[in-house]
Amino acid sequence: MVVACLNAPQVTVVSGPDGPLDAVLDAARGEGVNAVRLAVPYLSHHPAMAAPTRSGTP
């Protein structure tokens, strides 16, 4: 799980695998936070989607 994007003071995007994401959504909703899942085909804004590098250099 990562904080993927801080869109506004009250709008934060988190990204990660389904299981941990469900846990974050449940916890947020339990605290009264309006939390919604956005359906995307890949881990959008997640470090796992970083561009590959050559020879270990960015």
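See the structure shown above.
The rules behind the values
Residues numbered from 1 in each chain as written. Predicted model: local features only at pLDDT ≥ 70, side-chain atom pairs only at ≥ 80, totals over all residues. Heavy atoms only, no water. Helix = DSSP H or I, 4+ residues; strand = E, 2+ residues; numbered from the N terminus. Buried < 20%, exposed > 50% of the residue type's maximum accessible area, 1.4 Å probe, protein only. Areas by Shrake-Rupley, 256 points an atom, 1.4 Å probe, with all protein chains shown as cover. Salt bridge = Lys/Arg side-chain N within 4 Å of Asp/Glu carboxyl O.

S.K.: I'd love a proper account of the overall build of the protein, names of residues and values included.
M.R.: Helix and strand content of the protein: one helix and two strands. Starting at the N terminus and walking to the C terminus, you meet the elements of the protein as β-β-α. Out of the 58 residues in the protein, the part that is buried amounts to 14%. Per element, the accessible surface of the protein, about 4,700 Å² overall, is 59% carbon and sulfur.

S.K.: How would you explain the pattern of salt bridges if you had to name every residue and give the values?
M.R.: In this structure the tally under the stated criterion is two salt bridges. A salt bridge links R37 to D18; its shortest N-O distance comes to 3.0 Å. One end of the pair, R37, is in the segment after α1 (18-30); the other, D18, is in helix α1, with 19 residues separating them in the sequence. When its relative accessible area of 38% is taken as the criterion, R37 is described as partly exposed. Where R37 meets D22, a salt bridge forms, and the shortest distance between an N and an O atom there is 2.4 Å. Of this pair, R37 sits in the segment after α1 while D22 sits in helix α1, and the two are 15 residues apart along the sequence. Looking at D22, the relative accessible area reads 35%, which means it is partly exposed.

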